[in-house]
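Per-entry structural report
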Amino acid sequence: MLLAGVGGQGNVLSARVLAEAALSMGYDVKTSEVHGMAQRGGSVVCMVRWGEKVHSPLIEVAKADFLLAFELLEGLRFLHFLGAGGTAIVNDYRLDPLTVLRGDAIYPEGVMGFIRAYAARTLELDARELAAQAGNARAAGSCLLGALSVFLDFPASVWEESIRGSVPSKAVEVNLKAFALGKDSTASSS
Amino acid sequence: MKRALLSGNEAVALGAWRAGVRVAAAYPGTPSTEILEELATYPDVYCEWSPNEKVALEVGIGSCLGGARSLVAMKHVGLNVAADPWMTLPYIGVNAGLVLAIADDPGMHSSQNEQDSRYYARMSKVPTLEPADSQECLEMVGAAMDISERYDTPVLLRVETRISHSRTVVEYREDRLRVDLPYEKDAVKRVMIPGHARLRHPVVISRLEDLEREAEAFAAGAMEMRSSRVGIVTSGVCYQYTREAFPEASILKLGFIYPLPEKTIREFASHFHRVYVVEELEPFLEEGIKAMGIDVVGKTRIPRDGELDPTLVAQSLAELIEMDTGVKHGGWTPPVPHASIPDESELPGRPPVMCPGCPHRGLFYALNRNKAVVSSDIGCYTLSVLPPLAGIDCQVCMGASVGMALGMERAFASSETNSDQAGKVVCVLGDSTFIHGGITGLIDMVYNNTISTIIILDNRTTAMTGFQDHPGTGRTLMGEDTYALDLVDLCRAVGVQSVRVVDPWELEEMEAVIREEMEAPRTSVIISRRACVLRERRTGIIYRVREEECTGCKRCLRLGCPALVMRDEKAFVQEDLCVGCSMCAQVCRPEALEEVRGGD
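Residues numbered from 1 in each chain as written. Chains lettered and ligands numbered in written order. Predicted model: local features only at pLDDT ≥ 70, side-chain atom pairs only at ≥ 80, totals over all residues.

For chain A, the helix and strand inventory stands at eight helices and six strands. Its C-alpha atoms give chain A a radius of gyration of 16 Å, within 12% of the compact-globule value 16 Å for 190 residues. Counting only C-alpha atoms, chain A reaches 45 × 35 × 35 Å along its principal axes. Across the 190 residues in chain A, those meeting the buried criterion constitute 58%. Once local pairs closer than 6 in sequence are excluded, the contacts in chain A between residues at least 24 apart make up 66%. (Helix = DSSP H or I, 4+ residues; strand = E, 2+ residues; numbered from the N terminus. Rg over C-alpha atoms; globule rule 2.2 N^0.38 Å. Buried ≥ 20, exposed ≤ 12 C-beta atoms within 10 Å, placed from the backbone. Contact = placed C-beta atoms within 7 Å.)

This is how it looks when you write it as structure tokens:
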């Protein structure tokens, strides 16, 4: 499972929430994170793998089961990691990189179309809007995890415990609410 | 037993604490930073941010001689700084254990080069362990301490980005060893005058022979025999990639990587008609094994630059392993290419950028206005090398900017070809970097009557690695208040006549001060002082473009602020990104940017 986004969007934190949830389920878990310079508004991808026994923390190209895209272009950038039968959960949000802002590059058109054509199953949601409804647009990652939770057999209590354990205490309630909104919007649309 | 998901760095810290480490020192550097940050959260262990890696190692040497188990951590290039004490330390040995955790960065996620630290092992004749996951990080710190004390040598624990920053499951007990060894004076062993050092070098050499036996013992159980046709020697995270790529291959997984366990390697190799070595960066294991007279396939197939991953390992070896086994692609399933995705190279890149409101932006804008030749250093401000600021001429390593500026100025001043550049050389470096390695360069400048301007970007933290304290912040890693080094006093004390403090958000003033100091025939220091915008974020105001006033000249875009975009030929402020620094309003000629209340 890949989480692709832009530095500062919180995908490192979401990866931790997911990994802790998988750990509570008794799985072997490995994650790969990005720290340091790359987090300054750059392209950031985290990987989380779980199962009976996991070797590599890095995922092979075309072998991921899920892609959680925090931003459209970043979803497209890492789309080739998604395997046949893979599910893309996409935040319908465009954040222009500086190269585009300056007019040196063009933000590709029809990103969602590419993703829909490639992934076996695609789920779009406006996670920033949902998170804003929950109280803070920065909790968008929890909305995406809520959407993901519909496809996994982790009980609600495991997710809640993981969010409580991973998110700073003052942000717990907002993130729980954002998670629930993401989950509900997915459950009702799929 | 407790079970937790820990990063490699967190596991090193936990392992060090459990092994009874009482003193630990480091200078922050990705990917090693979290080792000390984490260890500092445990009770009864003194942890410090040292001014640089050399001091960190010296602290560790002192404390291990004093009888306390000690951990020193740094990134790969940090050991270049600490190489001087490191090369002599094996001669004097330790008392209590000393482990240096060194974090390599294949792929240069956050580094200026991808040197392979394992060569330091060979050069300094120091035993080296390499863990393959967080559990091994935890266990190997303890094992390394034990080896350190039994063989009277420092030990290198080599990790790298994908070990340091991967979380894997760790099982452990929350117990802790108590190590408190007596100190006894032994000058012949610990004072390295030539006569003593001549006595000690043979000890280091014969110790290496003893350590080879230790490496053999360590390698017990390291042979994983599966296929009778494919044998692969590997270590560290490459072991994981190899398991993933070729699950049927037999593997010799080395944890003790210097000196190598020759007997074990020979025995493993004897089972196969061809043996592979899978390792990142340099052919370190490969050279060691070939020196035993064993032929192996390694870097002729596997890239020597960049980081590996399971796909790359598989692609590199699939053809040969297919020949060995008769199984298509050696059993690996190649990814099915999919035509409908644009190639990565066709997508707009998203390099890291300086944050909205970053104080460095104002400084580099002002430097550009003065057409300075900029000798830069290592920090977030190095990002201003990218367009539109494109404000850096050269950069090598921590603290190098000062000496380089001096040399460049001397070259220009004595040149006919480049005489127009004389007097335009400016050096920029961060507060933490200045303390790390810039101060000696400044002393050189003053001492040798250099005409140059040094700008210290004082954002009151070590920002790039995640806001670590340093001697200028007034706080220690342990959270204690302390004396905050006064950069102005410091620069004056080494003889700088002109030290001026300027707020980089004030563009006109900054530009004028830089011009004056560039023109002045002396060594001068400008301290560009404003706290990192990620620490002190909001001003309570934001800026908004009055569309009717904006001429669409794009002058504001020269700042390279991510909050500023063009929409329908007009500038537009993305309000949720704006922090109200006002720099765009200062550069706008038609005064189209207005201040409004906002921000959180």
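Bringing the environment of B:V579 into the picture now. Considering the arrangement of structural elements, one finds B:V579 in the loop between β21 (570–573) and α20 (583–587). Sequence-wise, B:V579 and B:E536 are 43 residues apart; in three dimensions their C-alpha atoms are separated by 9.9 Å.

So, about the confidence of the model for chain B. This prediction gives chain B a mean pLDDT of 95; 99% of its residues lie at or above 70. Scoring of the predicted complex yields 0.96 for pTM and 0.94 for ipTM. (pLDDT = per-residue confidence, 0-100.)

All names here are of chain B. The sheet built from seven strands is open, its strands ordered β3-β2-β4-β5-β7-β6-β12 with mixed pairing. Strand pairing shows two members of the sheet lacking a second neighbour, β3 (46–49) and β12 (256–258), which therefore form its edges. Here four bridges tie strand β2 (residues 23–26) to β3, and the two strands are oriented parallel to one another. When the sheet's bridge partners are listed, A25 is paired in β3 with E48. With respect to the sheet, helix α3 (residues 53–65) is in contact with β2, β3, β4 (70–75) and β5 (98–104), its orientation differing from that of β4 by roughly 165°. (Pairing = 2+ DSSP bridges. Axes fitted to C-alpha atoms, helices over the stretch in contact; angles between N-to-C directions.)

Another point: the domain arrangement of chain B. Annotation of chain B at the domain level lists domain 1 (2–218), domain 2 (223–331), domain 3 (359–529) and domain 4 (541–597). Averaged C-alpha coordinates put domain 1 of chain B and domain 4 of chain B at centres separated by 50 Å. (Domains from an automatic or database assignment.)

Before going further, it helps to spend a moment on the sheet that holds strand β9 (residues 223–224) of chain B. Residues and elements named next belong to chain B. Spatially, the four strands line up as an open sheet ordered β9-β11-β10-β13, and their pairing is mixed. One side of each edge strand has no neighbouring strand; the edge strands of this open sheet are β9 and β13 (275–278). Taken together, the five bridges between strand β10 (residues 231–235) and strand β11 (residues 250–254) define a ladder with parallel strand orientation. Across the sheet, residue S235 finds its bridge partner in β11, namely L254. Across the sheet, helix α11 (residues 237–245) lies against β10, β11 and β13, angled at about 145° from β10, the strand it touches most.

In this assembly, 47 residues from chain A lie in contact with 45 residues from chain B. For the side of chain A that touches chain B, the secondary-structure elements that each account for two or more residues are α1 (11–24), β2 (28–32), α2 (72–77), α3 (98–101) and α4 (111–118) of chain A. Here the side of chain A that touches chain B is composed, by residue class, of 25 nonpolar, 13 polar and nine charged. Both β2(A) and strand β8 (residues 166–172) of chain B contribute to a ladder of three bridges, which runs antiparallel. Paired with A:K30 across the bridge in β8(B) is B:T168. (Nonpolar A, V, L, I, M, F, W, Y, C, P; charged D, E, K, R; others polar.)

Our focus in this paragraph is the pairing of strand β4 (residues 64–69) of chain A. Residue and element names in this part refer to chain A. Counting buried residues along β4, five of its six residues qualify, which places the element largely inside the surrounding structure. Relative to β4, strand β1 (residues 2–6) runs parallel, the two being bridged by three bridges. When the sheet's bridge partners are listed, L2 is paired in β4 with L67. With five bridges connecting them, β4 and strand β5 (residues 82–91) associate as parallel partners. For A69, the partnering residue across the bridge sits in β5 and is V90. Note that the unit made of β4, α2 and β5 has a crossover that is right-handed. (Right-handed = clockwise from strand over helix to strand, strands pointing away.)

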